[in-house]
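# Examining the three-dimensional arrangement
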Amino acid sequence: MSTIFTPTSQPSRSTIHRYLMLLWHDKFATAAVIFLLLVFLAALFGPAVFEASSNKINLLARNAPPLSFKYGWAFILGADSLGRSIFLRLIVGAQNTMLLAASAVVCSLLIGSFLGFVAGYRNDWTSSVIMRVADVVMSFPSLLLALIVLYVLKPGIGNVILVLAITRIPIYLRTTRAEVLEVRERTFVTAARIMGASPRRLVWRHIRPTVTPTLITIATLEFAFVMLSESSLSFLGLGIQPPAFTWGAMVAQGQSYLSTAWWVAFWPGVAITLTAMSLNLLANWLRIVGDPVQRWRLESRKKTS
């Protein structure tokens, strides 16, 4: 008598492949990721390849309009007041723009989430002190606080990162604390506490994985906000100082030529807008995929289509 073995379930696909398929199903999110990858590659390799060419002055091409192939392919987006290629400067400026925004987001995320975990798990006088300090910081408009601090300090990359990070810490702090207060009362955390898990293990192994998706989504949105804030500071002359430049600084430099050479400020503004829009689309996709219920609906819809 022979025994017949039948598989009860098919082998599950890898997690990466599953998420890639979900991403491909959302065409707007796919386009956003492709654009952000191009920006990342420009930030990573742009200065090494085009930095010298982007700073090359050509007075004959001063304020040359877009599609000015007379001066070479690099002037497809036109030239600025010194005859420098806007296209090449967009590629080179992507590094400072992304580096500044990423540094501010990472610093505020690490500090804010750490304080949020402490305030949420302990929920005692320490929590009260942390929250009151956060309330004081949030009582000032972030841009106004940045203007005041940068007016006192010398404008520069380090000070801009410091100011933008400080103004965004309360966002992560309050969100993390609210999430921790809710998660710490769930059954699996209570069971781990009864089993003798230490507070550090409870926070790191049981609470943190549940809170992390929310923080990642917020960080993606905050990346766009910080980038726009840096652009505003550069527009007001308190951002990165020459010879270094960002997309926001390029917009600021082109404001004097809006009536005669609009493209000098237009293309950096388009780059900022598209990057912010792509980050918002990616954050929305991450929020949906991070929710098990909505992810299951996406997978079900993809199978039926």
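Described below are features of the structure shown in this document. What you see is a predicted model; the values in this text were computed from it and never measured. (Residues numbered from 1 in each chain as written. Predicted model: local features only at pLDDT ≥ 70, side-chain atom pairs only at ≥ 80, totals over all residues. Heavy atoms only, no water.)

### Quick notes on the side chain of E230
The residue E230 is located in helix α8 (residues 199-235) in this model. Buried charge without a salt bridge: E230, with R89 as the nearest opposite-charge side chain at an N-O distance of 12 Å. Every residue in contact with E230, bar those within four places of it in the chain, is listed here: L100, V160, L164, T246 and G248. (Helix = DSSP H or I, 4+ residues; strand = E, 2+ residues; numbered from the N terminus. Buried < 20%, exposed > 50% of the residue type's maximum accessible area, 1.4 Å probe, protein only. Lys, Arg positive; Asp, Glu negative; His and termini not counted. Salt bridge = Lys/Arg side-chain N within 4 Å of Asp/Glu carboxyl O. Contact = heavy atoms within 4.5 Å.)

### Examining the nonpolar core
Counting 62 residues, the largest nonpolar core has I207 and W247 as the members making the most contacts within it. Not counting residues within four places of it along the chain, the set of residues in contact with I207 comprises F117, Y121, V180, V183, R184, V189 and L202. Among the nonpolar cores identified, the runner-up in size contains 6 residues, and A64, A74, A79 and L88 belong to it. (Core = buried A, V, L, I, M, F, W, Y, C linked by side-chain atoms within 4.5 Å.)

### Side note on the environment of A271
With respect to the helices and strands, A271 occurs in helix α10 (residues 263-290). Its relative accessible area of 11% is what places A271 among the buried residues. Placed 103 residues apart in sequence, A271 and R168 show a C-alpha to C-alpha distance of 23 Å. Residues in contact with A271, not counting those within four places in the same chain, are L90 and W247.

### Focus: the side chain of S54
For S54, the position within the fold is in helix α2 (residues 27-54). Residue S54 is classed as buried on the basis of its relative accessible area, which comes to 0%. At 2.8 Å, the side chain of S54 forms a polar contact with the backbone oxygen of E51. Once residues lying within four places of it in the same chain are set aside, the contact partners of S54 are R84, L88, R89 and V92. (Polar contact = N/O pair within 3.5 Å; in protein donor to acceptor, adjacent residues only side chain to side chain.)

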